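What follows is each chain in one-letter form.
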Amino acid sequence: MDDLSVDDFISKLKDNTLILQNKDVLLDRLKNNESAYGILIIMNGVKMLNDKNLFDEGAAIVVSRKTELGKFPVWEKEYKNFIRENNIKE
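These numbers come from a predicted model, not from an experiment. (Residues numbered from 1 in each chain as written. Predicted model: local features only at pLDDT ≥ 70, side-chain atom pairs only at ≥ 80, totals over all residues. Heavy atoms only, no water.)

**Some words on the packing of aromatic side chains**
Scanning all chains against the criterion turns up 3 aromatic pairs. Pairing F55 with F82 gives two aromatic rings, centres 6.0 Å apart and planes at 45°, and the pair type is tilted. Pair noted here: F55 is in helix α5 (residues 52-64) and F82 is in helix α7 (residues 73-85), with a separation of 27 residues, a long-range link. Residue F55 is classed as buried on the basis of its relative accessible area of 13%. Taken together, the ring pairs connect Y37, F72 and W75 into an aromatic cluster. (Phe/Tyr/Trp six-rings, centres within 6.5 Å; stacked < 30°, edge-to-face > 60°. Helix = DSSP H or I, 4+ residues; strand = E, 2+ residues; numbered from the N terminus. Buried < 20%, exposed > 50% of the residue type's maximum accessible area, 1.4 Å probe, protein only.)

**Section: the packing of α5 against α7**
Running from N to C, α5 and α7 cross one another at 145°; their axes reach a closest spacing of 12 Å. Note that α5 runs across α7; the crossing there is left-handed. In this structure, α5 uses F55, V62 and V63 to contact α7, whose residues at the interface are Y79, F82 and I83. A class-by-class count of the residues in the contact of α5 with α7 yields 6 nonpolar, no polar and no charged. (Axes fitted to C-alpha atoms, helices over the stretch in contact; angles between N-to-C directions. Left-handed = near helix turned anticlockwise from the far one by under 90°. Contact = heavy atoms within 4.5 Å. Nonpolar A, V, L, I, M, F, W, Y, C, P; charged D, E, K, R; others polar.)

**Description of the pattern of salt bridges**
Scanning all chains against the criterion turns up 4 salt bridges. Taking the shortest distance from any N to any O, the salt bridge between D56 and K52 comes out at 2.9 Å. Residue D56 and its partner K52 are both found in helix α5; the two are separated by 4 residues, about one turn of the helix. Of the residues examined, K52 reaches a relative accessible area of 60% and is grouped as exposed. E76 is paired through a salt bridge with K80; the nearest N and O atoms lie 3.9 Å apart. Taken together, the residues span about one helical turn, with E76 and K80 both in helix α7 at a distance of 4 residues. Using a relative accessible area of 33% as the deciding quantity, one classes E76 as partly exposed. (Salt bridge = Lys/Arg side-chain N within 4 Å of Asp/Glu carboxyl O.)

**Considering the confidence of the model for the chain**
Detailed conclusions should not be drawn from predicted coordinates in areas where pLDDT is low. Predicted confidence across the chain gives a mean pLDDT of 86, with 86% of residues reaching 70 or more. Of all the helices and strands in the chain, helix α1 (residues 6-13) carries the lowest mean pLDDT, 68, while α5 carries the highest, 96. (pLDDT = per-residue confidence, 0-100.)

**Here we look at the environment of L49**
You can see L49 is positioned in the loop between α4 (36-48) and α5. Note on L49: relative accessible area 3%, which makes it buried. The spatial distance from the C-alpha of L49 to the C-alpha of L20 is 7.7 Å, given a sequence separation of 29 residues.

Here it is in structure tokens:
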């Protein structure tokens, strides 16, 4: 599945339990994703799952990839919005 479709997939599936049983797959995608911008889209889907621990783990991965997100102005802007909107400490 394309990274840019993850949040849409989660919203349409409407089976958080099934997805949360495989949350290690989402975390792995966040860690090893080729596109840093894609991790922000994945995090939109993670947020829909309403699992605080998973979201916190994912947010930590996003913060760890901050340098990559600063490579392009649009990515950096989206990163800053994500951090601000979710009250994440860097």
